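# Notes for the structure review
One letter stands for each residue in the lines below.
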Amino acid sequence: MHDLDTKRYSNIMKALSHPHRLELFLEIAKCQEKDFENSECLISEITKCFKIGAPTISHHLKELSNVGLIITEKKGKFLVARVNKEILDELGSLFKDTEL
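Let us look at the structure shown here. (Residues numbered from 1 in each chain as written. Predicted model: local features only at pLDDT ≥ 70, side-chain atom pairs only at ≥ 80, totals over all residues. Heavy atoms only, no water.)

### Notes on the pattern of salt bridges
Think of it this way: side chains of opposite charge can pair up when their charged atoms draw near. Under the counting rule described, the total for this entry stands at four salt bridges. Here R8 ties to E90 by a salt bridge, and the two come within 2.4 Å at their closest N and O atoms. Residue R8 is located in helix α1 (residues 6–16), and its partner E90 is located in helix α5 (residues 85–97); the two are separated by 82 residues in the primary sequence. One salt bridge in this structure joins E27 and K30, with 3.1 Å as the shortest N-O distance. Taken together, the residues span about one helical turn, with E27 and K30 both in helix α2 (residues 19–34) at a distance of three residues. (Salt bridge = Lys/Arg side-chain N within 4 Å of Asp/Glu carboxyl O. Helix = DSSP H or I, 4+ residues; strand = E, 2+ residues; numbered from the N terminus.)

### Some remarks on the side chain of H60
Structurally, H60 is set in helix α4 (residues 54–66). Owing to a relative accessible area of 4%, H60 belongs among the buried residues under this scheme. Those residues within four positions of H60 in sequence are excluded, and the remaining contacts are H18, H20, R21, L24 and I52. (Buried < 20%, exposed > 50% of the residue type's maximum accessible area, 1.4 Å probe, protein only. Contact = heavy atoms within 4.5 Å.)

### Quick word on the sheet that holds strand β2 (residues 70–75)
Read from one edge to the other, the open sheet built from three strands follows the order β1-β3-β2, with strand pairing classed as antiparallel. Two strands in the sheet have a free side with no partner beyond their single neighbour: β1 (41–42) and β2. The sheet contact formed by β2 and strand β3 (residues 78–83) spans six bridges and is antiparallel. Within β3, the position partnered with K75 by the bridge is F78. (Pairing = 2+ DSSP bridges.)

### Here we look at α5
Here α5 contains 13 residues, and its C-alpha end-to-end distance of 18 Å stays within 8% of the 18 Å for a straight helix at 1.5 Å per residue. If you check which residues of α5 are buried, you get I87, L91 and L94. Each buried residue of α5 sits inside an arc of 55° when the element is viewed along its axis, so together they form one side. For α5, exposure combined with an orientation more than 90 degrees from the buried face picks out K85, E86, D89 and K96. As for α5, its buried residues are in contact with α1. Capping of α5 at its N-terminal end is provided by N84; its side-chain oxygen lies 3.2 Å from the backbone amide nitrogen of E86. (Expected span 1.5 Å × (residues − 1). Arc of directions from axis to C-beta. Polar contact = N/O pair within 3.5 Å; in protein donor to acceptor, adjacent residues only side chain to side chain.)

Structure, rendered in structure tokens:
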């Protein structure tokens, strides 16, 4: 088994372990998949699906961003997000390469 940054992977999985963060992450991924050409999601659009306040959503987005699962940026007055596919590929390899 190769050297793993277990603390980093643990933090990524911890971020996804919260139900609202997981739902947000999946909504961003779904939005990105629908609009492949643009590959970004307007946060204001996906937050309409949730019954939690903007400050809470902002907190969860920050947690996802801090561990590198999503990339956010301002475009004019809008906040857009996209899934960091490199992290997903890395996690996929982690589990695929794990010997049982």
